[in-house]
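Chain by chain, the residues run as shown.
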Amino acid sequence: MALYSEKVMDHFRNPRNVGVIEDADGIGEVGNAKCGDIMKIYLKIDNDIIEDVKFETFGCGSAIASSSMATEMIKGKPVSEALGLTNKAVTEALDGLPAHKLHCSVLAEEAIKAAMKDYYDKKGIEYDEELFAGVGACHMCESGHE
Ligand code: FES
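Residues numbered from 1 in each chain as written. Predicted model: local features only at pLDDT ≥ 70, side-chain atom pairs only at ≥ 80, totals over all residues. Heavy atoms only, no water.

Across the chain, the bulk of peptide bonds are trans and the bulk of non-glycine residues have phi less than zero. A positive phi is found at Asn17, a non-glycine position, where the angle reads about 65°. Locating Asn17 in the fold gives a position in the loop between helix 1 (6–13) and strand 1 (26–31). Of note, the phi angle at Asp48 is positive, near 70°, even though the residue is not glycine. Mapped onto the elements, Asp48 comes out in the loop between strand 2 (38–46) and strand 3 (49–58). (Helix = DSSP H or I, 4+ residues; strand = E, 2+ residues; numbered from the N terminus.)

Rendered as structure tokens:
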């Protein structure tokens, strides 16, 4: 069996939503200390809907594929759905990732949550801190998450 699914290869070779949103409503950046990969997510939110989402990922193919799939999964959706997106759902949508690459999908979940937190902070919207527990912490100086 191939190490990577066709979906992973497709999203790696033709990533969707790559780029920057200049006037983003929320920006989230996370990294993994072990592999050194960094992911940045930009959100444009209007009326509680994710109108647009873009990403920049400086990392491995699985991280790029995870970012691409995750952005596709939340684009046009209510913010509540973006908040509920899990790395498990991203991995399943990609038809799986090798075990040692699961942390790449965790980056996608965390980058989106970090961007949502930034959006709430900028807008002065109150939220339950628990929602973002551990997200946006500096993973660059902590141990990685696997
Ligand atoms: Fe670290 Fe993929 S190897 S994000």
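Next comes the rest of the account.
Glancing now at the nonpolar core. In terms of nonpolar packing, the biggest core is built from 36 residues, with Ile41, Leu43, Ile50, Ile74, Ile112, Met116 and Tyr120 touching the most fellow members. Among the secondary structure elements, those contributing two or more residues to this core are strand 2, strand 3, helix 2 (61–74), helix 3 (79–84) and helix 5 (102–123). No other element matches the 10 residues that helix 5 contributes to this core. (Core = buried A, V, L, I, M, F, W, Y, C linked by side-chain atoms within 4.5 Å. Buried < 20%, exposed > 50% of the residue type's maximum accessible area, 1.4 Å probe, protein only.)

To continue, consider the packing of helix 1 against helix 2. Interhelical geometry of helix 1 versus helix 2 gives an angle of 90° and a closest axis separation of 8 Å. Viewed along their axes, helix 1 and helix 2 adopt a mutual orientation that is roughly perpendicular. Of helix 2, the residues touching helix 1 (which contributes Lys7, Val8, His11 and Phe12) are Gly61, Ile64, Ala65, Ser68, Met69 and Glu72. Of the residues contributing to the contact of helix 1 with helix 2, the split by class is 5 nonpolar, 3 polar and 2 charged. (Axes fitted to C-alpha atoms, helices over the stretch in contact; angles between N-to-C directions. Parallel < 35°, antiparallel > 145°, perpendicular 65-115°, else oblique. Contact = heavy atoms within 4.5 Å. Nonpolar A, V, L, I, M, F, W, Y, C, P; charged D, E, K, R; others polar.)

Moving on: the environment of Lys117. Note on placement: Lys117 falls in helix 5. With 91 residues separating them in the primary sequence, Lys117 and Gly26 have C-alpha atoms 7.5 Å apart. Residues in contact with Lys117, not counting those within four places in the same chain, are Tyr127 and Phe132.

Following both chains from N to C, one finds helix 2 and helix 5 inclined at 40°, their axes separated by 8 Å at the closest point. As summarised for this structure, helix 2 and helix 5 are arranged oblique, according to the angle between their axes. At the point where helix 2 passes helix 5, the crossing takes the right-handed sense. Of helix 5, the residues touching helix 2 (which contributes Ser62, Ala63, Ser66, Ser67, Ala70 and Ile74) are Cys104, Ser105, Ala108 and Ile112. In the contact of helix 2 with helix 5, the residues fall into 6 nonpolar, 4 polar and no charged. (Left-handed = near helix turned anticlockwise from the far one by under 90°.)

Worth remembering: the numbers are spatial, not functional.
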